[in-house]
Amino acid sequence: MSHFDQNPFIVIWEVTRACALKCLHCRAEAQYRRNPLELTTEEGRELIDSLREMGSPILVFTGGDPLMRVDLFELAAYAKEQGLHVSLTPSATPRVTPQAMRQAKEVGLDRWAFSLDGSTAEIHDQFRGTSGSYNHTLRSIEYLQELDMPLQINTTVSKYNLADLSNLAKMMETMEVVLWGVFFLVPTGRGKEGDMISPEEHESVYHWLADLSTRSSFDIKTTAAPPYRRVLIEKGVLSSTPRGSRGAGGSIRSTQGVNDGNGFVFVSHTGDVYPSGFLPINCGNVRKQPLSEIYRQHPMFRALRDSEQLKGKCGVCEYRKICGGSRARAYALTDDPLASDPTCTYLPVAQNSI
């Protein structure tokens, strides 16, 4: 039984797919215009009410570009009133203004996250598909720092920026970020398998991040990289006994092993529910069924929370309950969300003894 059988730890709500950028790896395959079938303001409030009732502590507004919704800060304020920890991941476009940031601070936003995928304009702008994105991101970060708003930087690791990660880490220190969100590319949406780093490079980055975490001034959180938890345990950085914690800037953390569909749920702009944004298996819609019912009862969610259903070496791995491998990457590369994570190089003790 998973600790997250009843309620997710984190809920991602894709409030819109509209975005002015053309990112190389975009999961959402974002469009320039908003979809008229997006959840309405009232439906958004109902979704937030359901999160309060489920006791899910963290809500992230994502997109597309969340700032394309005129009711964004109204929804954020309502979520804060319901006691949720609220984060925002806008695109670095002209919509990011000092006024928008002040609004975010006034409603009590807990975290503002920008994406930075390279330490130079050449690397970042190629990844984001928009010239000038790098410079606009840095200017926007300066606005945010003036307001003393907790800053999170998200970076997607790919073959295009692998050699630049150490330079990015130095930038995290100078920008005084509270958390570096390191995403490992999953080939879905516009992301391609050929953009991924190799399994050996995944392992190498996990070890580098684990070492960095012991000396950095900021927290490090990985996405689509459950084996990173195994590396942290191997290095003695993380206890194998799950427990909750708070990181830098008051962030809520869990060492339980949040994974696709296991402590994690994604709600699309039109209300469709997925185990994660990178695992595009539609399990229902909040317009037709309560989110709690979908999360707790849908066979796919239940299977993803049952480590005994994992296959291959993930199924016999001694770390399967706290790691479990990336279910999204397994699905993307094998069409089976319960298959072994193809990018994990670890050989389980049980398999190694055969």
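Residues numbered from 1 in each chain as written. Predicted model: local features only at pLDDT ≥ 70, side-chain atom pairs only at ≥ 80, totals over all residues. Heavy atoms only, no water.

- An unreviewed UniProt entry lists the chain under the name Radical SAM protein, BA_1875 family, from Melghirimyces algeriensis.

1. Some points on the nonpolar core
One broad rule of soluble globular proteins: the nonpolar side chains tend to lie buried together.
Consideration 1: One finds Phe61, Trp112, Phe114, Ile153, Met172 and Trp180 to be the most contacted residues of the largest nonpolar core, which totals 95 residues.
Consideration 2: With 6 residues, helix H2 (residues 72-81) is the largest single contributor of residues to this core.
Consideration 3: Not counting residues within four places of it along the chain, the set of residues in contact with Phe61 comprises Trp13, Val15, Pro66, Leu72, Leu75, Ala76, Val86, Ser87, Leu88 and Thr89. (Core = buried A, V, L, I, M, F, W, Y, C linked by side-chain atoms within 4.5 Å. Buried < 20%, exposed > 50% of the residue type's maximum accessible area, 1.4 Å probe, protein only. Helix = DSSP H or I, 4+ residues; strand = E, 2+ residues; numbered from the N terminus. Contact = heavy atoms within 4.5 Å.)

2. Examining the environment of Trp180
Consideration 1: Take Trp180: it is sitting in strand E6 (residues 179-184).
Consideration 2: Take Trp180: its relative accessible area is 0%, and that puts it in the buried class.
Consideration 3: With 163 residues separating them along the chain, Trp180 and Arg17 place their C-alpha atoms 24 Å apart.

3. Concerning the packing of aromatic side chains
Consideration 1: Under the criterion given, the structure shown has 11 aromatic pairs.
Consideration 2: The interplanar angle of 50° and the centroid separation of 6.1 Å between the aromatic rings of Phe4 and Phe9 together place this pair among those described as tilted.
Consideration 3: Judged by relative accessible area, which is 15%, Phe9 ranks as buried.
Consideration 4: One aromatic cluster is present, built from ring pairs that chain together Trp180, Trp208 and Phe218. (Phe/Tyr/Trp six-rings, centres within 6.5 Å; stacked < 30°, edge-to-face > 60°.)

4. Points about the pairing of strand E3 (residues 85-88)
Consideration 1: Neither face of E3 is left uncovered, since the one carrying His85 and Ser87 and the one carrying Val86 and Leu88 both have all their residues buried.
Consideration 2: Bridge analysis of strand E2 (residues 58-62) against E3 gives 4 bridges, and the strand direction is parallel. Bridge pairing links Leu59 to Val86 in E3.
Consideration 3: Taken together, E2, H2 and E3 constitute a β-α-β crossover, and its handedness is right-handed.
Consideration 4: Here E3 pairs with strand E4 (residues 111-115) via 2 bridges, running parallel. Bridge assignment links Leu88 to a residue of E4, and that residue is Trp112.
Consideration 5: In this region the chain leaves E3, passes through helix H3 (residues 98-106) and returns to the parallel neighbour E4; the handedness of that crossover is right-handed. (Pairing = 2+ DSSP bridges. Right-handed = clockwise from strand over helix to strand, strands pointing away.)

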